[in-house]
Each structure stands twice: as structure tokens, then as C-alpha cells.
Amino acid sequence: MPRNVLVAYGTTNGSTAEIAEAIAEVLRKDGLTVEALPARSVPSVAPYDAVVIGGGLYAGRWHKDARRFVRRHGKNLAERPLWFFSSGPLDASASERDIPPVPGVHKAMIRLDAKGHVTFGGCLQEGAKGWVARMILRNGKGGDFRDFGQIEAWAARIGQELTN
Ligand SMILES: Cc1cc2nc3c(=O)[nH]c(=O)nc-3n(C[C@H](O)[C@H](O)[C@H](O)COP(=O)(O)O)c2cc1C
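Residues numbered from 1 in each chain as written. Predicted model: local features only at pLDDT ≥ 70, side-chain atom pairs only at ≥ 80, totals over all residues. Heavy atoms only, no water.

(A) Spatial organisation of the environment of Trp83. On the secondary structure map, Trp83 appears in strand 5 (residues 82-87). Separated by 33 residues in the primary sequence, Trp83 and Gly116 place their C-alpha atoms 5.1 Å from one another. (Helix = DSSP H or I, 4+ residues; strand = E, 2+ residues; numbered from the N terminus.)

So, in C-alpha cells, the structure goes:
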């Protein structure tokens, strides 16, 4: 049975890191040993039996740290149970329906034979980096649209697959 799980993430403003932590917490309750780490700080996935990798969405693409992670560790990732998640939409859409992966993520899923993907709602709040972020906030389009019930339910399904 897989024991060591990595939940890696690419984030600019921290909200994807909190999703990764929530996923890790659910998997720990299943008795797994889990590390949630910034994707760019992971030198190797060899110590892990399974990997979850997620990224915030920026201009229709995964965060660059998540993209680099799947490029760099591709061969080792393909040999492990692997799940992807994205976080982005700044509205309730991700709680209401299944939002497919963006094309780059979809390609990586096929290439690495990932077992699943989900898009979670995003979060953009005061203090976010960059002028586009500030513009979105000024237009009143920010907010926290992460659905932690949905996130925990998805993580629980991964936990089930890994422990059964
Ligand atoms: C410049 C910019 C571009 C964005 N582009 C997208 C996008 O293409 N699709 C999407 O669903 N969300 C988009 N978002 C929303 C972010 O994905 C959302 O805020 C996400 O939670 C950010 O994750 P992070 O806090 O981990 O960096 C964008 C936000 C900003 C500031």
C-alpha cells in the first residue's frame, strides 16, 4: 500500500497552497504520511509513492511552478498514482459543475496517465500581486470561491483509492 504522499503546488498568492494543505490533512487522517510542498522546492519525487499536483490558473495556464514540476519529474510521475488539480474561477462555477482542465494540463494528464483532475474555485483578495490582480479587485471581482467541502470530498476519494 502507498504510504508516502506528496501534495505539490504552484501558487502566486497562497490560496492554492491552502487547498494543498487541506488535501494533505484529509490524507493524513487516512493514516498516510503526507507532505504539502511548493512544487519548485521538490528536488525529487522518488521518496513518494503517490503524488497530487495542483496549480493556480493564470491566463488559461497552470502556474509555472506546476508546469515545470510535471516537465521535470515526468518519468517518475508517470510511474506513480498521480492526481492533478487546478484552482482559478473567481465565481461559484467550480462548485456548480465540472470544469475541465485547461489544454496544457489536459495534455500532461494524458502523457503521465494521471488518474484524475478537478478544478476548484479560486481566491483573490486584497494584497494579491500584480496590476491585473489589483484591477480585478478594484472592479469588485475578487473573493474567496474555494469550496473546502468539495476539496475535502475529492481528497477523501484519493485517500480511499490509496488505502484500499
Ligand atoms: C493575472 C491573473 C490571471 C488569472 N487568470 C485566470 C484564468 O485564466 N482562469 C481562472 O480560472 N482564473 C484565473 N485567475 C484567478 C486565479 O487563478 C485565482 O486567483 C487563484 O486562486 C490564484 O491562485 P494562487 O492564490 O494560489 O496564486 C487569474 C488571476 C490573476 C490575478
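(B) Focus on the site of the ligand. Neighbouring the ligand are 20 residues, the closest being Thr11, Ser15, Thr16, Leu57 and Tyr58. At 2.9 Å from an oxygen atom of the ligand is found a main-chain nitrogen or oxygen belonging to Cys123. Starting from 640 Å² of accessible surface for the ligand in isolation, the protein chains cover 84%. Judged by its atoms lying within 2 Å of the grid points, the ligand is housed in the largest pocket. With 3 residues, the top contributor of residues to the shell around the ligand is strand 3 (residues 50-58). Looking at side-chain class alone, the shell around the ligand contains 9 nonpolar, 11 polar and no charged residues. (Near = heavy atom within 4 Å. Polar contact = N/O pair within 3.5 Å; in protein donor to acceptor, adjacent residues only side chain to side chain. Areas by Shrake-Rupley, 256 points an atom, 1.4 Å probe, with all protein chains shown as cover. 1 Å grid on protein atoms, 1.4 Å probe; cavity = no way out; pocket = protein on both sides within 12 Å on 5 of 7 lines; lining within 4 Å. Sits in = over half its atoms within 2 Å of the grid points. Nonpolar A, V, L, I, M, F, W, Y, C, P; charged D, E, K, R; others polar.)

(C) Region of interest: the side chain of Ser87. Position of Ser87 relative to the elements: it lies in strand 5. Reaching out from Ser87, the side chain makes a polar contact with the side chain of Thr16 at a distance of 3.2 Å. Those residues in contact with Ser87 that lie beyond four places of it in its chain are Thr16, Ile19, Gly55, Gly56, Leu57, Phe120, Gly121 and Gly122. (Contact = heavy atoms within 4.5 Å.)

(D) View of the packing of aromatic side chains. One pass over the structure, following the stated rule, counts 4 aromatic pairs. With centroids separated by 5.0 Å and ring planes inclined at 55 degrees, the aromatic side chains of Trp62 and Phe84 adopt a geometry described as tilted. Linking Trp62 in strand 4 (residues 61-62) with Phe84 in strand 5, this pair joins segments that are 22 residues apart in sequence. Here the two residues Trp62 and Phe84 agree in accessibility, since each one is buried. Plain terms: the ring middles of Phe120 and Trp154 are 5.7 Å apart, the flat faces sit at 80 degrees to each other, and that makes the pair edge-to-face. Of the two residues, Phe120 sits in strand 6 (residues 116-120) while Trp154 sits in helix 7 (residues 148-163), which places them 34 residues apart along the sequence. Note on Trp154: relative accessible area 8%, which makes it buried. (Phe/Tyr/Trp six-rings, centres within 6.5 Å; stacked < 30°, edge-to-face > 60°. Buried < 20%, exposed > 50% of the residue type's maximum accessible area, 1.4 Å probe, protein only.)

(E) Local environment of the pattern of salt bridges. Applying the stated criterion to the full structure yields 7 salt bridges. Between Arg28 and Glu25 there is a salt bridge, and its shortest N-O distance comes to 2.9 Å. With Arg28 and Glu25 both in helix 1 (residues 15-29) and 3 residues apart, this pair spans about one turn of that helix. What makes Arg28 partly exposed here is its relative accessible area of 31%. One salt-bridge network, held together by shared partners, links Glu18, Asp144 and Arg146. (Salt bridge = Lys/Arg side-chain N within 4 Å of Asp/Glu carboxyl O.)

(F) Inspection of the pairing of strand 5 at higher detail. For strand 5, a buried count of 6 out of 6 residues is recorded, marking the element as mostly surrounded by other parts of the structure. Residues Leu82, Phe84 and Ser86 line one face of strand 5 and the alternating positions Trp83, Phe85 and Ser87 line the opposite face, and both faces are buried. Taken together, the 6 bridges between strand 3 and strand 5 define a ladder with parallel strand orientation. In the sheet register, Val52 faces strand 5, and the bridge partner there is Trp83. Bridge analysis of strand 5 against strand 6 gives 5 bridges, and the strand direction is parallel. Paired with Trp83 across the bridge in strand 6 is Gly116. (Pairing = 2+ DSSP bridges.)

Keep in mind these numbers describe shape, not what the thing actually does.
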